[in-house]
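These are the residues of each chain, in order.
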Amino acid sequence: MKRFVPALRGALQLVGVALGIATVNFFLLRLAPGDAVQVIAGESGSASPEYIAALRAQFGLDQPLWVQFYKYILKLAQFDLGYSFRQGTSVANLILARLPATLLLMGTAVALAALLGGLLGTLAAYRAGRWPDLLISCLALFCFAIPVFWIGLVFVVIFSVWLDWLPVGGMYSVSAGLSGWALAIDIGRHLILPAATLALFYMAIYTRLMRATLIEIRRKDFVRTAVSRGVRPGRLFRVHILRNATLPFVTMLGVQIGSLIGGAVVVETVFSWPGLGRLAFDALIQRDFNVLLGILLCSSVLVVLVNWIVDALYRLLDPRMRTA
Amino acid sequence: MSAFASRHPFWLARSAFAALFAASLSAALPVNAATPKPGGTLTVIAQPEPVILTAALSTSSPTGTFSTNVFDGLIEYDKDFNLKPGLAEKWNLSADGKTLTLNLRQGVKWHDGKPFTAGDVKWTLENVWKKYHPRNQALFANADKVDTPDDHTVIIHFTKPSLAVLSSLNSNGAQVLPRHLYEGTDILNNPYNNKPIGTGPFKFKEWNRGSHLVLERNPDYWDKGKPYLDRVVYRVIPDGGARTAALEKGEVQYASLSPLPARDAQRLSQLPNIRLQTKGYEWLSPWLFLSVNVERPYLKDARVRQALYHAIDREAYRKVVWFGYGKSAISPVVSTLKQFHDATVPQYAFDVKKAEALLDEAGAKRGANGERFRITIDYLPYGDEFRRSAEFLKQAFKRVGIEADVRNQDTPSYTRRIYGDRDYDITVQWYAGFADPQVGVTREYQSDSIGKNIPFSNGPGYRNAEVDKLVAQAQGSGDQAERVKLFKAFQQKVQTDLPSLPLLELQFFTVEASDLNDTVSGVDQVYGSFKNFWYTDPSKH
Amino acid sequence: MNALPTPVSSDVAAAVSASATGYAGLPAHVTRGWLARLVRTPSGLIGSVLTLAILLMAVGARWVFPEDPLAMVAEPFLRPFADAALPLGSDMLGRDILAGIVHGARASLAIAASATLIAVVLGVGGGLLGGYFGGWLDRAITRVTVFFQTVPPFLFALAIVAIVQPSVATISLAIGLTSWPSLARLVRAESLRLRHSEMVHASVALGASDLRIIWRDVLPNAMTPVLVSTSLLVANAILTESALAFLGLGDANVASWGNMVGAGREVLRTDWYIATLPGIAILIAVLALNLLGDGLAAALDPHSAH
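Residues numbered from 1 in each chain as written. Chains lettered and ligands numbered in written order. Predicted model: local features only at pLDDT ≥ 70, side-chain atom pairs only at ≥ 80, totals over all residues.

Novice: Could you clarify how one ought to interpret the overall build of chain B in this entry?
Specialist: Looking only at helices and strands, chain B has 16 helices and 21 strands in total. Taken against the 2.2 N^0.38 rule, which gives 24 Å for 541 residues, the C-alpha radius of gyration of chain B at 24 Å falls within 12% of a compact globule. Oriented by its inertia axes, the alpha-carbon framework of chain B measures out at about 75 × 55 × 40 Å. Here chain B holds 541 residues, and 55% of them are scored as buried. Pairs at least 24 residues apart make up 70% of the contacts formed inside chain B by residues separated by at least 6 positions. (Helix = DSSP H or I, 4+ residues; strand = E, 2+ residues; numbered from the N terminus. Rg over C-alpha atoms; globule rule 2.2 N^0.38 Å. Buried ≥ 20, exposed ≤ 12 C-beta atoms within 10 Å, placed from the backbone. Contact = placed C-beta atoms within 7 Å.)

Written out as structure tokens, the structure is:
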């Protein structure tokens with residue numbers, strides 16, 4: 001029984017966080033001038049008072065704020081994220097529909113970046129001060145400093161238009177009507193450019209992180225001791241250095257996975273990738289608060305979960321933390 | 001010739017090029033005497049993504065361009081503003097303008113197989129157009145009785161003459177919904193709003209939100225042999241650069257309502273596989289203008305407004321911000337609406353000295369730092385052209401000593417600020433005037449909608465009893481000649497008071513693949529169907 | 001997009017000796033000779049020179065280009081080097097691009113600096129208070145940082161700017177509000193550690209007040225990672241501002257690099273230089289700040305002081 005207490009406490013914490021975030025976001029978003037009906041009326045190019053009143057009633061926006069909030073929390077308690085009148089479908093459906101696209105894009109980009117970044121960072125650390133390090137560091141710096149949207153547009157121009165190797169945007173070729181293996185390949189082709197654009201930026205982060213971490217660790221006393229003891233480089237790296245290097249790496253990975261939802265707004269815009277970031281941005285512009293709240297809620301839950309996992313990994317990797 | 005042009009010979013060259021270029025467009029219309037070939041998939045851009053798929057409940061343009069392929073209009077337009085039979089084979093407006101008789105086509109079926117009858121028209125008019133459609137609520141407000149003596153005749157009785165109705169009976173103006181799927185339901189939440197059943201040339205197939213919509217050929221379409229295309233796919237591409245690339249590569253073959261930055265369009269038009277089309281927008285009669293909040297301290301003086309007008313070089317504006325597309329506007333009723341346009345309205349030529357004199361006269365003298373007063377410019381957040389317009393105006397006003405701050409915001413904030421709170425000085429806007437001034441133009445000047453948070457109505461807050469009377473008279477008149485006279489008097493008055501400064505008669509363009517034929521069937525092609533489109537070689541698509 | 005690469009560990013300030021403080025509130029052994037160390041490293045040298053150059057450009061903008069950079073002074077789409085008066089050409093409204101870039105340094109740096117100031121004040125303040133005092137204050141502040149963390153930072157900045165309408169002030173506020181949590185976490189960890197250090201225990205035993213302890217013992221030793229983070233925060237703010245402008249949420253009344261890139265995006269294919277040149281300016285500025293940050297980290301590192 002005692003073992004379940006922390007888990008229970010954690011679950012309650014999660015609920016508390018979720019509720020708190022939902023409440024704060026709900027009222028914060030109401031600060032935005034105009035509402036969803038205003039947007040639709042605005043987009044229609046003309047509107048009459050009756051039309052607007054009818055829409056307001058349909059959206060449930062004509063009721064006092066407290067009533068709306070109460071209804072929202074009630075629904076939330078039943079795990080119902082609400083309904084988007086503008087999109088004509090439930091928020092949960094919308095999010096689930098876009099989730100695979102987001103996971104694919106972010107997952108690929110982060111995995112690529114972590115792998116490449118880790119490798120390059122290690123290489124740079126071990127050749128610190130010499131030209132491979134210089135080259136890699138410069139490369140990382142460039143990739144970090146270049147505005148993401150600019151490099152994305154440049155990629156489109158070079159690879160899609162001039163070379164015609166890859167499609168311009170979207171997630172798959174709609175008119176082709178592919179399925180199965182062919183569809184997977186088609187999606188893959190569409191995935192390359194956006195994932196590469198994102199990965200470049202993340203890779204820069206991981207490279208610099210890995211490099212700084214490794215340089216720092218190698219300077220530490222325990223490493224010098226190990227070297228003086230005659231530990232071989234391979235074992236030194238694996239057993240002593242790598243384990244210590246993974247901690248900051250894992251932290252960064254955690255931060256990036258936490259920002260999975262909504263972290264790629266710009267890339268999704270440039271490449272018309274139907275992800276959650278773009279959905280959130282559109283929902284903001286359209287004042288479709290149910291959708292935006294739903295996305296923010298999912299994001300916060302994800303962050304809390306990821307924090308837990310990272311903490312658990314910390315305890316696993318660093319014995320010193322276990323007693324804390 | 002404007003002072004600007006004389007100082008910059010480059011402009012002359014550019015405008016010559018623009019004229020030549022515009023001329024070459026119409027010449028580029030394929031004179032294809034060959035018979036249309038069936039087959040092929042057309043990929044179109046949907047930008048922005050529609051919210052709802054029937055124009056009976058929304059007047060937004062994405063809905064308009066999409067829904068007319070699924071729904072037919074009662075009548076159709078040809079290229080000269082003449083009416084052609086659509087779902088109505090014959091129509092007749094009585095001499096007193098109070099009775100509209102429509103004889104409907106026989107044998108037309110909805111996409112689910114049920115027959116299209118007069119009952120559908122009557123039901124839609126009474127329950128949808130009069131209740132929910134923004135424009136039609138005003139248009140059909142006086143329709144108090146609808147008779148359907150048989151399944152193919154509709155007789156609409158108006159309490160007052162309603163000549164303007166005839167200008168809005170196409171698919172975009174008067175879309176008929178299937179009564180058997182809507183009657184007794186919650187109309188606004190009806191699921192068929194998003195999987196529409198119409199009588200049109202294409203059937204709805206699927207909507208993958210955020211990505212694409214698919215239409216398929218209707219094999220039982222009443223216009224035998226049409227449509228020629230097998231499928232239409234609407235793709236959602238939010239980024240302008242990505243749209244350009246898609247059109248350039250041929251992944252998309254058709255995109256209307258100026259889907260690209262004009263500069264890219266100019267470049268694409270040089271390519272052999274792409275054609276730029278400017279016809280098909282005449283029914284919209286769009287004009288761009290400055291709404292001036294007449295309740296603000298300096299702006300309430302008509303001389304100040306006239307000075308603002310004199311301070312703007314409309315030709316330079318057209319060339320710089322709109323890359324030469326469009327025509328300088330002198331009146332809110334555009335010149336292509338020949339019947340109603342009044343070319344004799346007071347003119348306000350570009351004259352900086354006159355502007356300064358007027359401002360001095362109105363008591364807005366220059367201060368120690370050269371500044372007369374400060375205003376803000378809000379612009380319609382619909383694209384970079386409006387932002388650049390605001391920036392252009394900022395510089396124009398600076399020259400006469402008026403400091404302007406450009407303010408940026410998103411659509412809901414914008415409409416609330418202008419039409420609700422009225423917390424603004426000047427805003428850059430455009431309206432569609434449509435084929436009758438009563439439908440689209442007068443709303444900017446009528447006083448009944450001020451401050452009620454109704455988007456795209458009277459932004460300036462202009463109240464003039466005489467203008468209200470002119471408009472009311474024109475609305476209730478059964479004599480077209482009299483209406484024309486009234487609307488001309490209306491133009492004279494509003495162009496003297498200047499609550500709203502018309503700047504540009506907008507010219508939209510369509511980007512098409514050059515092997516697509518017969519792409520303009522009427523003056524409302526922008527909201528028209530693709531039933532006449534065909535590929536020179538369908539096997540390539 | 002806002003993932004701030006935090007300096008690796010608090011070991012940078014680990015070697016704390018209970019000695020008198022040098023200037024800038026830092027321990028003397030660290031500050032002594034830091035400038036010399038900074039310019040000895042290539043990254044530090046290049047970083048500081050470039051940053052200085054950009055600052056000079058921003059400060060001297062009004063003298064070199066006294067006219068309003070937003071004024072339409074020439075015909076549009078003038079190519080770079082085509083006209084001697086406009087060395088970098090003109091954009092789609094006929095504005096001088098070079099004037100725009102020089103003045104843009106002012107706007108972009110002003111926004112970035114204000115945003116960073118907000119972030120530093122909030123972050124250091126929150127982190128110090130939470131880490132030092134612990135208890136309910138710490139829990140409250142932690143809750144707030146967790147909340148800020150759960151919202152994707154860029155989306156949050158977007159939301160703030162969209163709600164209160166874009167202007168230099170609101171953009172700075174939005175960016176500042178979204179970047180302080182990571183700094184707060186860093187400072188909190190530092191002050192938590194320092195709280196239990198011998199030095200602080202000694203001061204407490206001597207009867208020093210909390211404020212004095214924070215000011216003399218904790219803050220100076222927690223500053224090093226903050227200083228390094230600051231240059232990164234500024235760089236990040238510049239990138240975020242340009243991304244906001246790209247999405248249409250920039251302040252149209254100032255010439256900023258982000259605005260210029262956003263405006264030039266539409267004509268990227270035909271007149272690539274309009275978006276590219278300010279993009280290069282952003283690139284160089286961010287590079288310079290990053291190099292400076294790296295150099296500072298190396299120069300202020302107590303290890304290298306030996």
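Novice: How should I be thinking about the overall build of chain A in this particular structure?
Specialist: Secondary structure summary: chain A contains 14 helices and 2 strands in total. Summarising its shape, the C-alpha atoms of chain A cover approximately 85 × 65 × 40 Å along the three principal directions. Split into buried and exposed, the 324 residues of chain A put 47% on the buried side. In chain A, 71% of the contacts between residues at least 6 apart in sequence involve partners at least 24 apart.

Novice: What should I look at first to understand the interface of chain B and chain A in this one?
Specialist: Accessible area lost during the coming together of the parts is what is often quoted as the interface size. On the chain A side, the residues contacting the 44 residues of chain B number 44 residues. Listing elements by their share of the side of chain B that touches chain A, those giving two or more residues are β1 (41–45), α5 (134–139), β10 (231–235), α7 (240–249) and α13 (411–421) of chain B. With 6 residues, α7 of chain B is the single largest residue contributor to the side of chain B that touches chain A. Tallied by class, residues from the side of chain B that touches chain A come to 16 nonpolar, 17 polar and 11 charged. (Nonpolar A, V, L, I, M, F, W, Y, C, P; charged D, E, K, R; others polar.)

Novice: Help me understand the nonpolar core in this model?
Specialist: For soluble globular proteins, the rule of thumb is that nonpolar side chains tend to be buried together. The biggest cluster of nonpolar side chains holds 335 residues, and the ones touching the most others in it are Y202 and I295 of chain A together with L158 and V286 of chain C. Among all residues touching L158 of chain C, those that are not within four sequence positions of it are F281 and L284 of chain A together with L244 and L249 of chain C. (Core = buried A, V, L, I, M, F, W, Y, C linked by C-beta atoms within 7 Å.)

Novice: In this structure, what is going on with the environment of I21 of chain A? I would like to understand it.
Specialist: Its place among the elements puts I21 of chain A in helix α1 (residues 4–29). Distance in space between the C-alpha atoms of I21 of chain A and F85 of chain A is 23 Å, their sequence separation being 64 residues. Those residues within four positions of I21 of chain A in sequence are excluded, and the remaining contacts are L296, L297 and S300 of chain A together with F147 and T150 of chain C.

Novice: Would you mind showing me how to read the packing of helix α7 (residues 153–164) of chain C against helix α10 (residues 210–246) of chain C here?
Specialist: Each packed pair of helices is defined by two parameters, the angle between the axes and the distance between the axes. Residues and elements named next belong to chain C. Where α7 meets α10, the axes come as close as 11 Å, and the angle between the chain directions of the two elements is 55 degrees. Considering the angle they form, α7 stands oblique to α10. Of the two elements, α7 crosses α10, and the hand of that crossing is right-handed. When α7 is examined against α10, the residues F154, A157, L158 and V161 are found in contact with a partner set consisting of T240, A243 and L244. Here the residues of the contact of α7 with α10 sort into 6 nonpolar, 1 polar and no charged. (Axes fitted to C-alpha atoms, helices over the stretch in contact; angles between N-to-C directions. Parallel < 35°, antiparallel > 145°, perpendicular 65-115°, else oblique. Left-handed = near helix turned anticlockwise from the far one by under 90°.)

Novice: Is there a simple way to think about α1 of chain A in this case?
Specialist: For an α-helix, 3.6 residues make a turn, and residues three or four places apart therefore share a direction. A rise of 1.5 Å per residue sets the reference length of α1 of chain A, with its 26 residues, at 38 Å; its end C-alpha atoms lie 37 Å apart and thus fit the reference within 8%. Of all the residues in α1 of chain A, the buried ones are V17, I21, A22 and N25 of chain A. Taken together, the buried residues of α1 of chain A touch α4 (65–77) and α13 (289–317) of chain A together with α6 (135–150) of chain C. (Expected span 1.5 Å × (residues − 1).)

Novice: Hey, could you run me through the packing of helix α12 (residues 276–285) of chain A against α13 of chain A in this one?
Specialist: Residue and element names in this part refer to chain A. Between α12 and α13, the least distance of the axes is 8 Å, while the angle of their chain directions is 140 degrees. Here α12 is positioned oblique relative to α13, judged by the angle of their axes. As for how α12 packs across α13, the hand of that crossing is left-handed. Contacts between α12 and α13 involve L276, L279, A280, A283 and L284 on the former and, on the latter, V291, L292 and I295. Partitioning the contact of α12 with α13 into residue classes produces 8 nonpolar, no polar and no charged.

Novice: So what exactly am I meant to see when it comes to the interface of chain C and chain B here?
Specialist: Each side of the interface is counted separately: chain C has 21 residues, and chain B has 24 residues. Class assignment of the residues belonging to the side of chain C that touches chain B gives a composition of 13 nonpolar, 4 polar and 4 charged.

Novice: How should I be thinking about the pairing of strand β7 (residues 153–158) of chain B in this particular structure?
Specialist: Residues in a regular strand project their side chains so that they alternate between the two faces of the sheet. Residues and elements named next belong to chain B. The alternating pattern of β7 places V154, I156 and F158 on a buried face and T153, I155 and H157 on a face that is not buried. Bridging between strand β5 (residues 99–104) and β7 involves 5 bridges; their strand directions are antiparallel. Residue pairing in the sheet places T101 in a bridge with I155 of β7. Between strand β6 (residues 143–147) and the antiparallel strand that follows it, β7, lie 5 residues. (Pairing = 2+ DSSP bridges.)

Novice: How should the sheet that holds β5 of chain B be read in this particular structure?
Specialist: Adjacent strands of a sheet pair through backbone hydrogen bonds, lying either parallel or antiparallel. All names here are of chain B. As summarised here, the arrangement of the 4 strands in space is β4-β5-β7-β6, forming an open sheet in which the pairing is antiparallel. Looking at which strands have only one partner, the edges of the open sheet turn out to be β4 (88–93) and β6. Along the sheet, successive strands turn relative to each other by an average axial angle of 15 degrees, direction set aside. Sheet analysis places β4 next to β5, joined by 5 bridges and oriented antiparallel. What sits directly across from A88, in β5, is L104.

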